[in-house]
Amino acid sequence: MDNYKKEFMDEAIRLSLENVKNGGGPFGAVIVKDGKIISKGFNQVTQNNDPTCHAEVNAIREASKKLDNFELTGCEIYSSCEPCPMCLGAIYWARIDKIYFANTKSDAKNIGFDDSFIYDEMETPIEKRKIPTFRINHPDAIKAFETWDEKEDKLEY
């Protein structure tokens, strides 16, 4: 557990407990850079009526604003629970160096937060997914990709 610091996990867990007391979901996260907490997040899905307001995503949003950068290289995230598929994707897109978590996805499943159907759907062929999904072969769609690919001053991410 390279560089794990108990006080950071303590804070993520404190946020999760406080959030339950305030009517939210039992999830908290902090992002650490250079040995200091730079952002905190907790689940605000029901408070904001926004299914993307998970603790990790909220912490990533705050850290990105504070650092004025969409890349969080050099940062670590401490989460009270193993990140769901959306949060794990966001963590990878943010290029966070390390993930530490306490509760597992099985622990979350046991209290009604079951993400296994999403993992299953990702492995299911598009035509067999629960939400009908269709690829539209639109002739103009590729133009944005070609324009991006040819752009010399693009900021890659």
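This write-up is about the structure you can find in this document. Fair warning: this is a prediction, and the values are worked out from it, not measured in the lab.

1. Looking at the overall build of the protein chain
Then step 1. Within the protein chain one finds seven helices and four strands.
Then step 2. Scanning the protein chain from its N terminus toward the C terminus, one meets helices and strands in the order α-β-β-α-α-β-α-β-α-α-α.
Then step 3. Based on the C-alpha atoms only, the size of the protein chain along its principal axes is roughly 55 × 40 × 30 Å.
Then step 4. Long-range contacts, defined here as pairs at least 24 residues apart, represent 50% of the contacts in the protein chain between residues at least 6 apart.
Then step 5. Between the centroid of the 21 positive side chains of the protein chain and the centroid of its 28 negative side chains there is a distance of 3 Å.

2. With respect to the state of the cysteines
Then step 1. As enumerated under the stated definition, the model contains zero disulfides in all.
Then step 2. Between C53, a cysteine without a disulfide, and C87, which holds the nearest cysteine sulfur, the sulfur-to-sulfur distance is 10 Å.
Then step 3. A relative accessible area of 4% means that C53 is categorised as buried.
Then step 4. With no disulfide partner, C81 has as its closest neighbouring cysteine sulfur the one in C84, 8.9 Å distant.

3. Considering the layout of surface pockets
Then step 1. A volume near 450 Å³ is recorded for the largest pocket.
Then step 2. Along its surface, the largest pocket is lined by 25 residues, and F27, H54, C84, F113 and D115 are the ones closest to its centre.
Then step 3. For the lining of the largest pocket, the secondary-structure elements that each account for two or more residues are helix 2 (45–48), helix 3 (55–67), helix 4 (85–94), helix 5 (105–110) and helix 6 (116–123).

4. Points about the environment of Y92
Then step 1. With respect to the secondary-structure elements, Y92 resides in helix 4.
Then step 2. Remark: the alpha-carbon pair of Y92 and E127, spanning 35 residues in sequence, is separated by 27 Å.

5. Details of the sheet that holds strand 2 (residues 36–42)
Then step 1. The mixed open sheet is built from four strands, whose spatial order is 2-1-3-4. In the strand order of this sheet, the two ends are held by strand 2 and strand 4 (98–103), each with one partner. On average, adjacent strands in this sheet sit at an angle of 15 degrees to one another, irrespective of strand direction.
Then step 2. Helix 3 contacts strand 1 (28–33), strand 2 and strand 3 (75–81) of the sheet and is inclined by roughly 140 degrees relative to strand 2.

6. What about the side chain of E11?
Then step 1. Mapped onto the elements, E11 comes out in helix 1 (residues 6–21).
Then step 2. Given the relative accessible area of 12%, E11 is considered buried.
Then step 3. Apart from the residues lying within four places of it in its own chain, the contact partners of E11 are V30, I37 and K40.

7. Remarks on the nonpolar core
Then step 1. By size, the foremost hydrophobic cluster in this structure holds 16 residues, and its most contacted members are I31, I60, L72, I77 and I96.
Then step 2. If you list the elements that add at least two residues to this core, you get strand 1, helix 3, strand 3 and helix 4.
Then step 3. Leave out the neighbours within four places in its chain, and I31 touches K36, I37, I38, S39, A59, I60, A63, L72, C75, E76, I77 and I96.

Definitions and limits used
- Residues numbered from 1 in each chain as written.
- Predicted model: local features only at pLDDT ≥ 70, side-chain atom pairs only at ≥ 80, totals over all residues.
- Heavy atoms only, no water.
- Helix = DSSP H or I, 4+ residues; strand = E, 2+ residues; numbered from the N terminus.
- Contact = heavy atoms within 4.5 Å.
- Lys, Arg positive; Asp, Glu negative; His and termini not counted.
- Charge placed at Lys NZ, Arg CZ, Asp CG, Glu CD.
- Disulfide = S-S within 2.5 Å.
- Buried < 20%, exposed > 50% of the residue type's maximum accessible area, 1.4 Å probe, protein only.
- 1 Å grid on protein atoms, 1.4 Å probe; cavity = no way out; pocket = protein on both sides within 12 Å on 5 of 7 lines; lining within 4 Å.
- Points joined across faces, edges and corners; volume = space filled by probe spheres on them.
- Pairing = 2+ DSSP bridges.
- Axes fitted to C-alpha atoms, helices over the stretch in contact; angles between N-to-C directions.
- Core = buried A, V, L, I, M, F, W, Y, C linked by side-chain atoms within 4.5 Å.

No statement about biological role is implied by the geometric values presented.
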